[in-house]
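Chains, contacts and geometry: an overview
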Amino acid sequence: MSSLKESEVRTQNVDINSEPEEESKWKRLWQKHKSKLWDTLDKSPEERRVMFKVDWWILTYACLGYFLKTLDQTNFSNAYASGMKEDYGFKKNEYNLASATMFNIGYIIGQVPSQMVLTRVRYSIWLPTMELLWRIVCMCIAATPKSQHGIHVIYALRFLIGLFESTAYAGLIGLLGSWYTPLELGKRAGIFQISSSVSNMFSGYLQAALHKGMDGRLGLRSYQWLFIFDGIITIPIALYGYLSIPDSPANTKAWWLKPDQKELMRNKIAAAKRAPPKKLTWNSLKALFSSWPAYLFPACFICHVSAIRLYSYMNLWLKYKKFSVTKINTLPTAGYGIQIFCTIIMAWTSDAIHKRYPLIIIFTIISAIGALILTIWPSNTSAMFAGWYLLFCETGCGILFMSWINETLAFSAEQRLVCIGLTQTLAFTFQAWLPLIIYNTGNAPFFGSGYPVAMSLFLAEGFGSLIIAYIIKKENAGFTWFFSRKYNDLKLVNKEQIKNDHIIDQDHMDIEQRA
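Since the model is a prediction, treat every value here as computed from it, not as a measurement.

Cut-offs applied
- Residues numbered from 1 in each chain as written.
- Predicted model: local features only at pLDDT ≥ 70, side-chain atom pairs only at ≥ 80, totals over all residues.
- Heavy atoms only, no water.
- Helix = DSSP H or I, 4+ residues; strand = E, 2+ residues; numbered from the N terminus.
- Buried < 20%, exposed > 50% of the residue type's maximum accessible area, 1.4 Å probe, protein only.
- Contact = heavy atoms within 4.5 Å.
- Areas by Shrake-Rupley, 256 points an atom, 1.4 Å probe, with all protein chains shown as cover.
- Core = buried A, V, L, I, M, F, W, Y, C linked by side-chain atoms within 4.5 Å.
- Salt bridge = Lys/Arg side-chain N within 4 Å of Asp/Glu carboxyl O.
- Axes fitted to C-alpha atoms, helices over the stretch in contact; angles between N-to-C directions.
- Left-handed = near helix turned anticlockwise from the far one by under 90°.
- Polar contact = N/O pair within 3.5 Å; in protein donor to acceptor, adjacent residues only side chain to side chain.
- Expected span 1.5 Å × (residues − 1).
- Bend = angle between axes of the 7 residues up to and from the residue.

1. A look at the overall build of the protein
- Within the protein, the secondary structure is distributed over 21 helices and zero strands.
- For the protein, buried positions account for 56% of its 515 residues.
- Counted over contacts in the protein with a minimum sequence separation of 6, partners at least 24 positions apart contribute 81%.
- Carbon and sulfur atoms form 67% of the exposed surface of the protein, whose accessible area is close to 21200 Å².

Right under this line is the structure:
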């Protein structure tokens, strides 16, 4: 009898405890993986509060600034397809000279010097000031005469816009790399990239709305209002930058961070082996240029920038197919929606698996398929739309490369900044002349060899990322060679530093131990 009662008690205990055990299982699973959804979910309440502040102030300015930078670049293309070509009498490659070549020359000249300036001047002063200057120049395009002389004036203005705008992308990437660890950087950089895609979508609808409601107002065409509107909405954002940008954790004077919160961020970045900024020296330049990141990252990024240039000509194909002005400006926005979706997948997945190259390879292949479709040039319009839209998928790979540079050169802020600037400079050096050859707008949308060249560039980019991953793997195993990474004193980066730089940081180790 007593044994029967004991059995009943045990059965009751099992029944009582089964539900909590099941809940505990799911709770352990959530605790183990919640940081992959958002990396602050496993942090202490204090650290979550600090990271929320950092995210808010840095990402709001970075995303709004990049949104407006992209809006400026896209607006010129939309303006050209919305009447500017006919009003000014653009011929042959004059559009490419204005939209790409002159802009890129200014961008190329300003890129590396701007990154060098940031080793001595605070982000919070340099970036907003340059933003104000390029917006003022952008508004001046609306006042140019509609003639061949006006085209020449636009050449000069586009050069100045490129010069002042060269500070934005590379400078903001450097800022993000200063405040976020490898497990955090991909998602923030992805959000930053998404702001560009949203801007591209917004620009199309904005031009369509202005064409419908503002064309002819005060004697101005709708595309002139586009340049004016672009400048007006930017000035408050530039002023906001003076207040929001926190410089780097080592020298921040951010009014929105308390002293203990600044110290927490300094310790966090130090634990991730992210070196604080120092003054640029000849030795740090020698160290960079005698190591492989100064060559392989730019080579991959050249392929990336030159290949994705192709999708910006989708509106010229739509014009050739005799779509309305509204559809010419709005149909490409579906591509930017695809771009946003793919960028989210890239950023979150690459942070979760602690690798960048698998996502780069997958999405370069997808966009190469799009270029292949355009190479074949099927008579089916739906197939052509599929080809154009697939080109948009790979765009987020650029931000993965930039995150990868920040992580690979984490031991030197100076090398990090210069390498980002160098990568951008070389990529846009090619973009200044290569589109004139492979994407000759005088023949648009029949680019001939342009489509297979773009396909080859996508594939070369993916292969290049595989080479970089292989070199890092070999260095992780202790391999050294002439082009190994070097500290600013020209000594080879040690094995432990390399392991810490390659996505694996102390935060991740702590998470694994707690799980």
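More follows now that the structure is in view.
2. Topic: unusual backbone geometry
- Here Lys322, not a glycine, exhibits a phi torsion of approximately 65°, which is positive.
- Along the polypeptide, Lys322 turns up in the loop between helix H12 (314-320) and helix H13 (325-330).
- Of note in this structure, Trp377 is not a glycine but carries a positive phi near 55°.
- Within the fold, Trp377 resides in the loop between helix H15 (357-376) and helix H16 (381-391).
- According to the relative accessible area criterion, Trp377 is partly exposed, its value standing at 27%.

3. A few points about the nonpolar core
- Of all hydrophobic cores here, the largest spans 129 residues; its most connected members are Met84, Tyr169, Tyr180, Phe192, Phe227, Leu310 and Trp388.
- Every residue in contact with Tyr169, bar those within four places of it in the chain, is listed here: Tyr66, Lys69, Tyr107, Phe192, Phe301, Gly398, Ile399, Met402 and Gln424.

4. Quick notes on the pattern of salt bridges
- Counted under the stated rule, the structure contains 12 salt bridges.
- Among the ionic pairs, Asp55 bridges to Arg188, the shortest N-O distance being 3.0 Å. Of the two residues, Asp55 sits in helix H2 (residues 45-88) while Arg188 sits in helix H7 (residues 182-213), which places them 133 residues apart along the sequence.
- Residue classification places Asp55 among the buried residues on the basis of a relative accessible area of 11%.
- Given the relative accessible area of 0%, Arg188 is considered buried.
- Across the pair Arg122 and Asp247 runs a salt bridge whose closest N-O atoms are separated by 2.8 Å.

5. Describing the packing of H15 against H16
- The N-to-C vectors of H15 and H16 enclose an angle of 145°; their axes lie 7 Å apart at closest approach. Every pair of crossing elements has a handedness; the one defined by H15 and H16 is left-handed. Along its contact with H15, which presents Ile366, Ser367, Ile369, Gly370, Ala371, Ile373 and Leu374, the element H16 presents Ala383, Met384, Gly387, Trp388, Leu390 and Leu391.

6. As for the environment of Trp256
- With respect to the helices, strands and loops of the structure, Trp256 is situated in the loop between helix H8 (222-244) and helix H9 (259-271).
- Classification of Trp256 as buried rests on a relative accessible area of 5%.
- Between the C-alpha atom of Trp256 and that of Trp57, which follows or precedes it by 199 residues, the distance is 8.6 Å.
- Ignoring any residue separated from it by four or fewer positions in sequence, one finds Trp256 in contact with Lys53, Val54, Trp57, Leu243, Ser244, Pro246 and Gln261.
- Within the structure, the side chain of Trp256 is placed 3.2 Å from the backbone oxygen of Ser244, a separation counted as a polar contact.

7. A look at H8
- Given a rise of 1.5 Å per residue, 23 residues ought to cover 33 Å, and the 33 Å separating the end C-alpha atoms of H8 matches this to within 8%.
- Of all the bends in H8, the greatest reaches close to 25° and is centred on Thr234; the proline Pro236 follows between one and four positions later.

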